Amino acid sequence: MAEERGRGRRNRDRDEEQSDIVDKLVGINRVAKTVKGGKNFGFAALVVVGDQKGRAGFGKGKAREVPEAIRKATEEAKRNMVRVPLREGRTLHHDGKGRWGAGKVVLRAAPPGTGVIAGGPMRAVMEVLGVQDVVGKSIGSSNPYNMVRATFDALKEQASPRTVASKRGLKVQDVVGRRNDGASEAGMADVTN
């Protein structure tokens, strides 16, 4: 009896957690499989999801119908979500580079009011992640699959000053030092106090 109540509560918490997830469709392709009698057509969908608070994931799905492909991609994306530390809840802690295949991306932290300056699939990832100020550049392949994976490769290397300080056995102030990248709201004031 007690197990049933506990299980239901856990599912309800999971449903509440899933309800604030935003998903964006990056692309749909029509794909074909050649068989003896002709061609079987289907659809492949690429979707990114996130909670706009530092968690995001991507997934791809393939089916004979578009809605089914999108559903499959969304489910896979929700299963493969990663957490990315954000500075002040609006930008990245530091610049980063990512690569997947021939797709390369460069992500830079930006000062308040910059907005999301990134193209196509990179912009979708940043929006679902909850980043408000970032400058991104895609170099090489414009294939959406490779661009999304390269973006996640760059985001996986993000580390907050707190985690770096704990790994090095230092204080956060020692790691941060003097930030002069212009991406900090308070600038030098928070370092001197």
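From a predicted model like this one, the values you see are computed outputs, not experimental measurements.

Draft legend 1. Spatial organisation of the overall build of the protein. A count of helical and extended segments in the protein gives 7 helices and 8 strands. Relative to all contacts within the protein whose residues are 6 or more apart in sequence, the contacts with residues 24 or more apart total 58%. Here the protein displays about 11,700 Å² of accessible surface, and carbon together with sulfur accounts for 48% of that area.

Draft legend 2. View of the packing of helix H3 (residues 120–129) against helix H4 (residues 144–156). Relative orientation of the contacting elements H3 and H4 amounts to 45°, with a least axis distance of 8 Å. For the element pair H3 / H4, the angle class is oblique. Where H3 crosses over H4, the handedness of that crossing is right-handed. Along the contact surface, H3 presents Pro121, Met122, Val125, Met126 and Leu129, while H4 presents Pro144, Met147, Val148, Thr151, Phe152 and Leu155.

Draft legend 3. Representation of unusual backbone geometry within the structure. If you check the backbone angles, Gln52 has positive phi at about 60° while not being a glycine. Tracing the sequence through the fold places Gln52 in the loop between strand E2 (38–50) and strand E3 (55–63). A residue is classified by how much of its surface remains accessible, and Gln52, at 44% relative accessible area, is partly exposed. For Glu88, which is not glycine, the phi dihedral falls at a positive 55°.

Draft legend 4. Geometry of H4. Taking 1.5 Å of rise per residue, 13 residues should cover 18 Å, and H4 covers 18 Å from first to last C-alpha, within 8% of that figure. Along H4, the positions that sit buried rather than exposed are Asn146, Met147, Val148, Ala150, Thr151, Phe152, Ala154 and Leu155. Two or three places before Tyr145, at the opening of H4, Asn143 has a side-chain oxygen 3.0 Å from that residue's backbone nitrogen.

Draft legend 5. Here's a closer look at the packing of aromatic side chains. Tallying each qualifying case throughout the model produces 1 aromatic pair. One residue, Arg30, lies across the ring of Phe41, its end atom 4.2 Å from the ring centre.

Draft legend 6. Expanded view of the side chain of Thr151. Structurally, Thr151 is set in helix H4. On the basis of relative accessibility, which here comes to 0%, the residue Thr151 falls in the buried class. Beyond its immediate sequence surroundings of up to four residues, Thr151 is in contact with Val105, Leu107, Met122, Val125 and Met126.

About the cut-offs
Residues numbered from 1 in each chain as written. Predicted model: local features only at pLDDT ≥ 70, side-chain atom pairs only at ≥ 80, totals over all residues. Heavy atoms only, no water. Helix = DSSP H or I, 4+ residues; strand = E, 2+ residues; numbered from the N terminus. Contact = heavy atoms within 4.5 Å. Areas by Shrake-Rupley, 256 points an atom, 1.4 Å probe, with all protein chains shown as cover. Axes fitted to C-alpha atoms, helices over the stretch in contact; angles between N-to-C directions. Parallel < 35°, antiparallel > 145°, perpendicular 65-115°, else oblique. Left-handed = near helix turned anticlockwise from the far one by under 90°. Buried < 20%, exposed > 50% of the residue type's maximum accessible area, 1.4 Å probe, protein only. Expected span 1.5 Å × (residues − 1). Polar contact = N/O pair within 3.5 Å; in protein donor to acceptor, adjacent residues only side chain to side chain. Phe/Tyr/Trp six-rings, centres within 6.5 Å; stacked < 30°, edge-to-face > 60°. Lys NZ or Arg CZ within 6 Å of the ring centre and 35° of its normal.

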